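# An overview of the molecular structure
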Amino acid sequence: MDRLTLKKRIARRRATLFRLIIITVVMGSVFAYALIQNKNTLKEITAMAISAFVSTILAIYMTKEDILENDYAEKKDDFGVLTFEEGYRTVFTNKDAQTYLKSMEWEHFFNQAKDDKKVFFVGISFYSFFEDVKMRNLLYKLCNENKYDVFIILANPFDREIARINQVEEKTEENELQQRILRTYKFFEKDLKDDKYKDVKDKIHIWFSITIPTSLIIKSGKYMIVTPYMLENPERTPTIIVEDSKSQSFYEKYDNYLQVIEKYHYTYEQLRKSISTKEFFTQSYTNLSPEFYNDIENSNYVAVIGLSQGRMLRTLGSCYRQLLNRGVKIDIILTDPDGESTKMCARRSSSNRNDIEGDIVVHKEAINRLIDMKKEGELRIYISDFMYPYTMYAFNCEKQVTEETKMYIWQTVLFEASDKRPGFVCEGEEDKERMESYLRQFHELRDNCDLTHEVTKPY
């Protein structure tokens, strides 16, 4: 027999109450008649009947909340909804969620998938979640010891919708969300280069969804943690915890969604083959990215090729001093302020440049400031009479390109301001050959070019 809907239950309750009230009124009339006619037997019978009907009416009247609660409980059961939380990161700090999930922490939760040995993560970036090396190590342990497969499906960082979300969420940097997605991938890429993880490489699957994920989903066994995206950090967004229950449950619908995303996705290699120039040139020259600051502040060696670097010196002066005081070596190659190259650099920025001599003075002042920093640590300054086709900031490559090497390249533009210079990043195994080429150019310019010499005295 089909269960009555909530509307029908409430309507049936209302009809029953109405009928009982009518009967009670009639019984009240009979009681009044018996009282007037002094018919004691009838009076006693009607009094007991009225008392019973009034008790029944009160009882039925008070059942509305019970009907609502029972309906809510039945719907939760039908849809497989266990409980609600404030955000997905706080699930295991709440005793209710621990009880429903039969888990006290993430490791216990992931062990719920011991039958199919698959754990799924679907979301836009998962940056703050996987930034924690303990969480990544937990997944490696599952893959290595328990033979799990881990599927991490992120948003396509080059999708135009990501730029719009970045704007609506008022991120501090233009490409912040894009960079967070790519960094999540890089966390695993870097880890899996280590030989101790060689047995889990084929067990960690990191893909990029063709469509933007509308919910953050973590699936383990018959349980899912689901957080709809609401243009806010999902750590503070309402979260539902669902389990596999009856047909047409939320779990089943989200599982169907996972299967579609699992089927239609990009690998990282496929992603890199289909990006536009705007998506490639992500680094502003006049508004340095947080990624750049993080890389330079944590580097163990810095190599620079630049035209005059007056702007960069004003921006990074304090950073240079901190690096030098920490024992980091810095090598900088600039254009020769007295050579033709500096005049060419001044002219290329504007077709009607008038104060070239003033530009040369500014260039020499920048070199003098750098020379003053030499007392802080090991800073070597070179000049060469070349107009370089790019500015380069390379980190962690004193002798050769390593896994830690990262390079920021800004192309030189013709008759345009510095903020128009297109900049990109080289890193990782796929860019190793290109980075080795840039490093060879740097070494050749610094060590083997007759036009290059070191500057030790101020102008």
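### Re helix α13 (residues 290-297)
- Taken residue by residue, α13 has E291, F292, D295 and I296 as its buried positions. Seen along its axis, α13 keeps its buried residues to an arc of 125 degrees; they face one direction.
- Tucked inside the fold, the buried residues of α13 contact α9 (176-191), β9 (301-305), α14 (310-325), β12 (390-395), β13 (406-411) and β14 (423-427).

### Re the side chain of T391
- Topologically, T391 is positioned in strand β12.
- Judged by relative accessible area, T391 falls into the buried class, the value being 0%.
- Within the local environment of T391, its side chain forms a polar contact with the side chain of R421, the two groups lying 2.8 Å apart.
- With residues up to four places along the chain from it excluded, the contact list for T391 reads Y285, I305, G306, L307, Q309, Y408, I409, W410 and R421.

### Structural notes on the pattern of salt bridges
- Evaluated as defined, the whole model comprises 18 salt bridges.
- Notably, a salt bridge pairs D149 with K203, separated by 3.6 Å at the nearest N-O pair. Here D149 is found in strand β3 (residues 149-155), whereas its partner K203 is found in the loop between α9 and β4 (204-209), with 54 residues between them in sequence.
- By relative accessible area, D149 is classed as buried at 17%.
- Between K186 and E189 there is a salt bridge, with the nearest N and O atoms lying 3.2 Å from each other. Note that K186 and E189 are positioned in helix α9 at a spacing of three residues, about one turn of the helix.
- A relative accessible area of 14% means that K186 is categorised as buried.
- Looking at E189, the relative accessible area reads 16%, which means it is buried.
- Via salt bridges that share partners, E291, D295, K406 and E427 belong to a single interconnected network.

### Some points on the layout of surface pockets
- Each pocket or cavity is described by its volume, and for the largest pocket that value is around 1,100 Å³.
- If you trace the largest pocket, you find 39 residues lining it, with K186, E291, D295, K406 and E427 closest to the centre.
- For the lining of the largest pocket, the secondary-structure elements that each account for two or more residues are α9, α11 (268-272), α12 (277-280), α13 and β14.
- Residue contributions to the lining of the largest pocket peak at eight residues, all from α9.
- Tallied by class, residues from the lining of the largest pocket come to 12 nonpolar, eight polar and 19 charged.

Reading guide: rules and limits
- Residues numbered from 1 in each chain as written.
- Predicted model: local features only at pLDDT ≥ 70, side-chain atom pairs only at ≥ 80, totals over all residues.
- Heavy atoms only, no water.
- Buried < 20%, exposed > 50% of the residue type's maximum accessible area, 1.4 Å probe, protein only.
- Helix = DSSP H or I, 4+ residues; strand = E, 2+ residues; numbered from the N terminus.
- Arc of directions from axis to C-beta.
- Contact = heavy atoms within 4.5 Å.
- Polar contact = N/O pair within 3.5 Å; in protein donor to acceptor, adjacent residues only side chain to side chain.
- Salt bridge = Lys/Arg side-chain N within 4 Å of Asp/Glu carboxyl O.
- 1 Å grid on protein atoms, 1.4 Å probe; cavity = no way out; pocket = protein on both sides within 12 Å on 5 of 7 lines; lining within 4 Å.
- Points joined across faces, edges and corners; volume = space filled by probe spheres on them.
- Nonpolar A, V, L, I, M, F, W, Y, C, P; charged D, E, K, R; others polar.

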